[in-house]
Amino acid sequence: QVHVVESGGGSVQAGGSLRLSCAVSGYAITVYCMAWFRQAPGKEREGVARINADRTTAYKDSVKGRFAISQDNAKNTAYLQMNNLKPEDTAMYYCAAIQCGSWDPRFNSWGQGTQVTVSS
């Protein structure tokens, strides 16, 4: 069964950094393109970072230069390095396999997410 576990969130002041992890079970992440999403209260879930079919990366404009998505195939784990965090980054963060080149998840289930809260 497909299962993802997000971790690494927390509370940080503006300008700080966090590294999120997404441990995947049920499929090899090498077979798919991975992405990170976030959802703030009262807002829709939005894609923030993804890995393309050619293994390059793409980002929501507001996080470019601050966030970096990567993966460790041996650990079957995706990561999101977040630097220079801003209060507007506050949200629940989720990872998912996507159809490459889109923001469309490949599976029906989401993980529990990991909360990121940026103050000041």
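Use the structure listed above.
Residues numbered from 1 in each chain as written. Predicted model: local features only at pLDDT ≥ 70, side-chain atom pairs only at ≥ 80, totals over all residues. Heavy atoms only, no water.

Trainee: Quick question: what am I supposed to make of the pairing of strand β1 (residues 3-7) here?
Mentor: Side-chain alternation along β1 places V4 and E6 on a buried face and H3, V5 and S7 on a face that remains uncovered. The sheet contact formed by β1 and strand β3 (residues 18-25) spans five bridges and is antiparallel. Each bridged residue has a counterpart across the sheet, and for V5 the counterpart in β3 is A23. (Buried < 20%, exposed > 50% of the residue type's maximum accessible area, 1.4 Å probe, protein only. Helix = DSSP H or I, 4+ residues; strand = E, 2+ residues; numbered from the N terminus. Pairing = 2+ DSSP bridges.)

Trainee: Teacher, can you tell me more about the environment of I29 here?
Mentor: Looking at the element boundaries, I29 is found in the loop between β3 and β4 (33-39). Spatially, the C-alpha atom of I29 lies 9.0 Å from that of D72, the residues being 43 residues apart in sequence. Those residues in contact with I29 that lie beyond four places of it in its chain are V24, M34, R55, Q71, D72, N73, N76, T77 and A78. (Contact = heavy atoms within 4.5 Å.)

Trainee: How do you make sense of the sheet that holds strand β7 (residues 67-72) when you look at a structure like this?
Mentor: Working definition: the strands of a sheet are paired by backbone hydrogen bonds and lie parallel or antiparallel to each other. Pairing is antiparallel across the open sheet formed by four strands, whose spatial order is β1-β3-β8-β7. Edge positions in the sheet fall to β1 and β7, since each has one partner strand and no second. Recorded for the sheet is a direction-independent mean angle of 15° between the axes of neighbouring strands. (Axes fitted to C-alpha atoms, helices over the stretch in contact; angles between N-to-C directions.)

Trainee: Hey, could you run me through the sheet that holds strand β5 (residues 46-51) in this one?
Mentor: In spatial order, the strands read β2-β10-β9-β4-β5-β6; together these six strands make up an open sheet with mixed pairing. Each of the sheet's edge strands pairs with one partner strand only, and the pair in question is β2 (10-13) and β6 (57-59). If you compare each strand with its neighbour and ignore which way they point, the axes differ by 25° on average. By the bridge criterion, three bridges tie β5 to β6 in an arrangement that is antiparallel. Residue A49 lies in a different strand from β6, and its bridge partner there is Y59.

Trainee: Honestly, the state of the cysteines in this entry has me stumped. Any pointers?
Mentor: Disulfide: a covalent bond formed between the sulfur atoms of two cysteine residues. For the structure on display, the rule yields two disulfides. The residue that forms a disulfide with C22 is C95, at a sulfur-sulfur distance of 1.7 Å. One disulfide, between C22 and C95, carries an S-S torsion of 60° and so falls in the right-handed class. Here C22 is found in strand β3, whereas its partner C95 is found in strand β9 (residues 91-98), with 73 residues between them in sequence. Just as C22 is buried, C95 falls in that class too. The residue that forms a disulfide with C33 is C100, at a sulfur-sulfur distance of 2.0 Å. Between C33 and C100 the disulfide shows an S-S torsion of about 100°. By sign, it is right-handed. Of this pair, C33 sits in strand β4 while C100 sits in the loop between β9 and β10 (114-119); the two residues are 67 residues apart in sequence, bridging distant segments of the chain. Overall, C33 belongs to the buried group, its relative accessible area being 0%. For C100, a relative accessible area of 41% gives the class partly exposed. (Disulfide = S-S within 2.5 Å.)

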